[in-house]
Amino acid sequence: QNCSVIVRRAGDVIPQVVRRVFVNQEQEDNHDLETRSTTTFDHYESSNQESSSWISLEAPSTCPECGSDTILEKTNSSSTGQVVRCGGPPLLCPPRAVAALGHAYSRDAMDITGLSEARIEQLREAKILHAPSDLFRLISSLDDTPGDNDNNNNKTMQEQIMDLPGWGSKSVQNLVRQATRVASDGISLQRYIYSLGIRHVGRNTSRLLASVYGTVDNFLKAMDDCSKLQQQQQQQQLRVLVL
């Protein structure tokens, strides 16, 4: 209370208290004395607790959801702002897949209404939805007969969704209309780039990239060239290590 602190932006909008700002040396010395006293008391209290109740603060080496190796990123040269991320493919890690699909179907991307993260998770668990493009199989399933589908007791995709809790014919028809609209009208290049969920590429950056490349073909070709260049650089690094 009644103290000055340095606050910085962490993540999107969450403020993070970096450190306290002291007015004079006496205030700083008093703070150090209080810290040492509190630390000694806390150490005494913790020594009387069962070790089984302790929580490890060590960063995990693997993702607890998909088992992929984690990546420790630093936002600056100091230890402040370290972030542990799953290093696996986003669509293969369950919680990241739900977030990625929700982002692809969001208002600023494909603009598919009626697909909350809870429903996306439900469709993933039913093995109906894995990638953003899977939604458009709803349109092709309109012409399917029960005998044309070997999965889930020869039911069409729409029938499989209607069998899920919380779904009905009206909500499925609305989802079909949304998918049909996007498939027939398409989306702008800006929305397409934004729907990919590339880190540090938000709405403004997507609009800038769309104005630079102009068409989706030019954008995909640039991404392919960039991927090939990255592979060549990695191969050169491996050759240096072998030699």
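Heads up: the structure comes first, above all this text.
Residues numbered from 1 in each chain as written. Predicted model: local features only at pLDDT ≥ 70, side-chain atom pairs only at ≥ 80, totals over all residues. Heavy atoms only, no water.

Draft legend 1. Quick peek at the overall build of the protein chain. Of regular secondary structure, the protein chain possesses 9 helices and 4 strands. Overall, the protein chain shows an N-to-C arrangement of helices and strands of β-β-α-β-β-α-α-α-α-α-α-α-α. Taken across its 243 residues, the protein chain has 20% of its residues classed as buried. Taking all contacts inside the protein chain whose residues are at least 6 apart in sequence as the whole, residues at least 24 apart take part in 41%. As displayed, the protein chain has an accessible area near 17,400 Å², and 51% of this comes from carbon and sulfur atoms. (Helix = DSSP H or I, 4+ residues; strand = E, 2+ residues; numbered from the N terminus. Buried < 20%, exposed > 50% of the residue type's maximum accessible area, 1.4 Å probe, protein only. Contact = heavy atoms within 4.5 Å. Areas by Shrake-Rupley, 256 points an atom, 1.4 Å probe, with all protein chains shown as cover.)

Draft legend 2. Focus on the nonpolar core. Counting 21 residues, the largest nonpolar core has Y105, I112, L115, L123, L135, I161 and W167 as the members making the most contacts within it. Listing elements by their share of this core, those giving two or more residues are α2 (94–104), α3 (117–125), α5 (157–162) and α6 (169–185). Examining the composition of this core, we find that 5 residues originate from one element, α6, more than from any other. Of all hydrophobic cores here, the second largest spans 5 residues; its members include L189, V201, A210 and F219. (Core = buried A, V, L, I, M, F, W, Y, C linked by side-chain atoms within 4.5 Å.)

Draft legend 3. Up close: a nonpolar patch on the surface. A cluster of nonpolar side chains, namely V5, V7 and V17, defines an oily patch on the protein surface of about 240 Å² accessible area. Its place among the elements puts V5 in strand β1 (residues 4–10). The exposure class of V5 is partly exposed, given its relative accessible area of 38%. (Patch = residues over 30% accessible without salt bridge, like charges linked within 9 Å, V, L, I, M, F, W, Y side chains within 5 Å. Salt bridge = Lys/Arg side-chain N within 4 Å of Asp/Glu carboxyl O.)

Draft legend 4. Quick look at the layout of surface pockets. Size it by volume and the largest pocket reaches roughly 690 Å³. When contributions to the lining of the largest pocket are tallied by element, the ones reaching two or more residues are β4 (82–86), α2 and α7 (189–195). If one sorts the elements of the lining of the largest pocket by residue count, α2 sits on top with 5 residues. Residue composition of the lining of the largest pocket, grouped by class: 16 nonpolar, 4 polar and 3 charged. (1 Å grid on protein atoms, 1.4 Å probe; cavity = no way out; pocket = protein on both sides within 12 Å on 5 of 7 lines; lining within 4 Å. Points joined across faces, edges and corners; volume = space filled by probe spheres on them. Nonpolar A, V, L, I, M, F, W, Y, C, P; charged D, E, K, R; others polar.)

Draft legend 5. Spotlight on the packing of aromatic side chains. Tallying each qualifying case throughout the model produces 2 aromatic pairs. When the centroid spacing of 6.4 Å and the interplanar angle of 90° are considered together, the rings of Y192 and F219 count as edge-to-face. A residue pair is termed long-range when its members are at least 10 positions apart, and Y192 in helix α7 and F219 in helix α9 (residues 216–242) qualify at 27 residues. Under the relative-accessibility criterion, Y192 is labelled partly exposed at 26%. Here F219 falls in the buried class, since its relative accessible area comes to 2%. Relative to F219, the ring of Y213 has its centre 5.7 Å away and its plane inclined at 75°; by these criteria the two rings are edge-to-face. Taken together through their ring pairs, the aromatic side chains of Y192, Y213 and F219 make up a single cluster. (Phe/Tyr/Trp six-rings, centres within 6.5 Å; stacked < 30°, edge-to-face > 60°.)

Draft legend 6. Main features of the packing of α2 against α3. At a minimum axis distance of 9 Å, the contact between α2 and α3 shows a crossing angle of 125°. What the angle tells us is that α2 and α3 run oblique. Here α2 runs over α3; the crossing is right-handed. Only E117, I120, E121 and R124 of α3 make contact with α2, whose side of the interface consists of P94, A97, V98, A99, L101 and G102. Broken down by class, the residue content of the contact of α2 with α3 amounts to 6 nonpolar, 1 polar and 3 charged. (Axes fitted to C-alpha atoms, helices over the stretch in contact; angles between N-to-C directions. Parallel < 35°, antiparallel > 145°, perpendicular 65-115°, else oblique. Left-handed = near helix turned anticlockwise from the far one by under 90°.)

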